[in-house]
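Letter by letter, the chains look like this.
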Amino acid sequence: MALLKVKFNQKKRVKLAQGLWLMNWFSVFAGILVFSMGLFLKIELRKRSEVMDNSESHFVPNSLILMGILSCAFNGFAGKICYDSLDPAKFIKWKPLLKPYLALCFLFNILLFLVALVCFLMRGSLESTLAQGLKNGMKFYRDTDTPGRCFMKKTIDMLQIEFKCCGNNGFKDWFEIQWISNRYLDFSSKEVKDRIKSNVDGRYLVDGVPFSCCNPSSPRPCIQYQVTNNSAHYSYDYQTEELNLWRRGCREALLHYYSSMMSSMGVVVLLVWLFEMSVMVGLRLLHTSLESIANPEDPECESEGWILENGLKDTFKSALENLKKIGKFNQVEADGEGTGEEGGKTPAITTVS
């Protein structure tokens, strides 16, 4: 029994073709939207590529860009088919291409659905990328005189100001690295010498943070040095909520920013996928209804359209049988080649003199 069998007359076929033509052009605009989202996300990721450890995060925008281009191409082609299907003479030239085209559409929709899922599942990979990238970026914060790294201080400062964050996981991350350049240290000072000697790696570590960690909305002037020394400041306790530094780490802030953006894009792609599926189903009904016309010379006669000719179960069984036949055919071919090469006997040649 056929799946979703529908009876059509000429009027219904014309309406279906016209509706599909319109839907395909809406799908072209949806493809442009998906392409634009991928391009926007790629630009946003490139803005902060210095604090990302690898390029895995670009898989999502690259996939969206590719799906957008394919959507425009597939739906533009389908729109042409739907338009020509109104004229039986023009439809004949598309008839042999429709089955392969629908198979390609099915594969495209599977890929589109997978891309939508990836938009929701990239959070873990993005988190590890940001954690390692921010850690490396903070190490290079002091290298303002080193070619290739001189921009890192500005990058980190602008990042902390824009996203209202401090450090990788929090402000205490700055206590574990030397973020002040040796160029600005007085090595004749006893305090500087003692701090460097007290560290195994010979680094100048302080319980301080860059200025960009300061919260400008705090009524108190920013305390960025001796952050953990309560006695160094009047009426101060660094463990209270009144600390005038950003408490949230930049990894969490960036992860929330990008993951929420990707999740929103994933929802849009899922909606586009549902629309593409409805277009594919409609195109299949149009294809089968035009093929099943009993008398091609009488376009006004009734016909039937369906999604699957033999039902879901029977179609699945026939597909498995076809795969088995292909497997057996390949096995027979391999056995035949082996017999010819190894088991074949060389005929004797007699010479008559």
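Please read all numbers here as calculations on a predicted model, not as lab measurements. (Residues numbered from 1 in each chain as written. Predicted model: local features only at pLDDT ≥ 70, side-chain atom pairs only at ≥ 80, totals over all residues. Heavy atoms only, no water.)

1. Notes on the packing of helix H6 (residues 152-163) against helix H8 (residues 250-291)
Between H6 and H8, the shortest axis-to-axis distance is 10 Å and the interhelical angle comes to 65°. The orientation of H6 relative to H8 falls into the category roughly perpendicular. In terms of crossing hand, the pair formed by H6 and H8 is left-handed. Of the residues in H8, those in contact with Leu159, Gln160 and Phe163 of H6 are Cys250, Ala253, Leu254 and Tyr257. (Axes fitted to C-alpha atoms, helices over the stretch in contact; angles between N-to-C directions. Helix = DSSP H or I, 4+ residues; strand = E, 2+ residues; numbered from the N terminus. Parallel < 35°, antiparallel > 145°, perpendicular 65-115°, else oblique. Left-handed = near helix turned anticlockwise from the far one by under 90°. Contact = heavy atoms within 4.5 Å.)

2. Here's the deal with the UniProt feature "transmembrane region" (unreviewed entry) in the protein chain
Cross-referencing UniProt, the feature "transmembrane region" (unreviewed entry) maps to residues 20-41, 101-122 and 255-275 in the present numbering. In residues 20-41, helix accounts for 100% and strand for 0%; the two terminal C-alpha atoms are 31 Å from one another. The span residues 101-122 carries 95% helix and 0% strand; its end-to-end C-alpha distance comes to 31 Å. (UniProt positions renumbered as here; feature names shortened; annotations may be inferred.)

3. Some remarks on the packing of aromatic side chains
Centre-to-centre distance and the angle between the planes together describe a pair of aromatic rings. The full count for this structure, using the stated rule, is eleven aromatic pairs. With a centroid separation of 5.9 Å and an interplanar angle of 40°, the aromatic rings of Phe74 and Tyr101 are classed as tilted. One end of the pair, Phe74, is in helix H2 (residues 59-84); the other, Tyr101, is in helix H4 (residues 95-121), and 27 residues separate them in sequence. In this pair, the class of Phe74 matches that of Tyr101, namely buried. Seen in terms of ring centroids, Tyr141 and Trp179 are 6.2 Å apart; in terms of plane orientation they differ by 70°. Their pairing is edge-to-face. Taken together, the positions of Tyr141 in the loop between helix H5 (123-139) and H6 and Trp179 in the loop between H6 and helix H7 (190-198) put the pair 38 residues apart, joining distant regions of the chain. (Phe/Tyr/Trp six-rings, centres within 6.5 Å; stacked < 30°, edge-to-face > 60°. Buried < 20%, exposed > 50% of the residue type's maximum accessible area, 1.4 Å probe, protein only.)

4. Let's talk about the state of the cysteines
Following the criterion strictly, the structure yields three disulfides and no others. Each sulfur of the disulfide joining Cys166 and Cys213 lies 2.1 Å from the other. Disulfide Cys166-Cys213: the torsion about the S-S bond is 85°, which places it as right-handed. You can see Cys166 sitting in the loop between H6 and H7 and its partner Cys213 sitting in the loop between H7 and H8, a full 47 residues away along the chain. Paired through a disulfide, Cys214 and Cys222 show a sulfur-sulfur distance of 1.7 Å. With the S-S bond torsion at -70°, the cross-link from Cys214 to Cys222 turns out left-handed. Under the relative-accessibility criterion, Cys222 is labelled partly exposed at 34%. Across the protein chain, the disulfide pattern expressed with sequentially numbered bonded cysteines is 1-6, 2-3, 4-5. (Disulfide = S-S within 2.5 Å.)

5. Quick look at H6
Between its first and last C-alpha atoms H6 spans 16 Å; for twelve residues at 1.5 Å apiece the expected length is 16 Å, and the two agree. Every buried residue belonging to H6 is among Met152, Ile156, Asp157, Leu159, Gln160 and Phe163, and all of these are buried. Within H6, the buried residues cover an arc of 160° as seen down the axis, which keeps them to one side. Away from the buried face of H6 by more than 90 degrees, exposed residues Lys154 and Glu162 are located. In this fold, the buried residues of H6 make contact with H5 and H8. (Expected span 1.5 Å × (residues − 1). Arc of directions from axis to C-beta.)

6. Considering the packing of H2 against H4
The relative placement of two packed helices is expressed as an angle between their axes plus a distance between the axes. Running from N to C, H2 and H4 point in directions that differ by 150°, and their axes come no closer than 10 Å. Judged by the inter-axis angle, H2 sits roughly antiparallel to H4. The chirality of how H2 crosses H4 is left-handed. When H2 is examined against H4, the residues Phe59, Val60, Ser63, Leu64, Met67, Leu70, Ser71, Phe74, Asn75, Phe77, Ala78 and Ile81 are found in contact with a partner set consisting of Leu98, Tyr101, Leu104, Cys105, Phe108, Leu111, Leu112, Val115, Val118 and Cys119. Of the residues assigned to the contact of H2 with H4, the class counts are 19 nonpolar, three polar and no charged. (Nonpolar A, V, L, I, M, F, W, Y, C, P; charged D, E, K, R; others polar.)

7. Focus: the environment of Pro210
Note that Pro210 resides in the loop between H7 and H8. Along the chain, Pro210 and Asp157 lie 53 residues apart, while their C-alpha atoms are 7.7 Å from each other.

8. Side note on the pattern of salt bridges
Under the counting rule described, the total for this entry stands at eleven salt bridges. Each member of the salt-bridge network shares a partner with another, and the members are Glu44, Lys47, Arg48 and Glu162. (Salt bridge = Lys/Arg side-chain N within 4 Å of Asp/Glu carboxyl O.)

9. Observations concerning the nonpolar core
In this structure, Leu41, Leu64, Phe171, Trp174, Val209, Leu245 and Leu254 are the most contacted members of the largest nonpolar core, which totals 79 residues. Contributing elements (two or more residues each) for this core: helix H1 (10-47), H2, H4, H5, H6, H7 and H8. For this core, the element with the most residues is H8, which contributes 16 residues. Counting contributing residues, this core receives three or more from each of domain 1 (3-137 + 252-307) and domain 2 (171-247). Each residue touching Leu254, except ones within four places of it in the same chain, is listed here: Arg48, Val51, Leu130, Leu134, Leu159 and Phe163. (Core = buried A, V, L, I, M, F, W, Y, C linked by side-chain atoms within 4.5 Å. Domains from an automatic or database assignment.)

10. Regarding the side chain of Asp157
The residue Asp157 is located in helix H6 in this model. Side chain to side chain, Asp157 and Tyr141 meet in a polar contact 2.9 Å long. Aside from chain neighbours lying at most four places away, what touches Asp157 is Tyr141, Pro210, Phe211 and Ser212. (Polar contact = N/O pair within 3.5 Å; in protein donor to acceptor, adjacent residues only side chain to side chain.)

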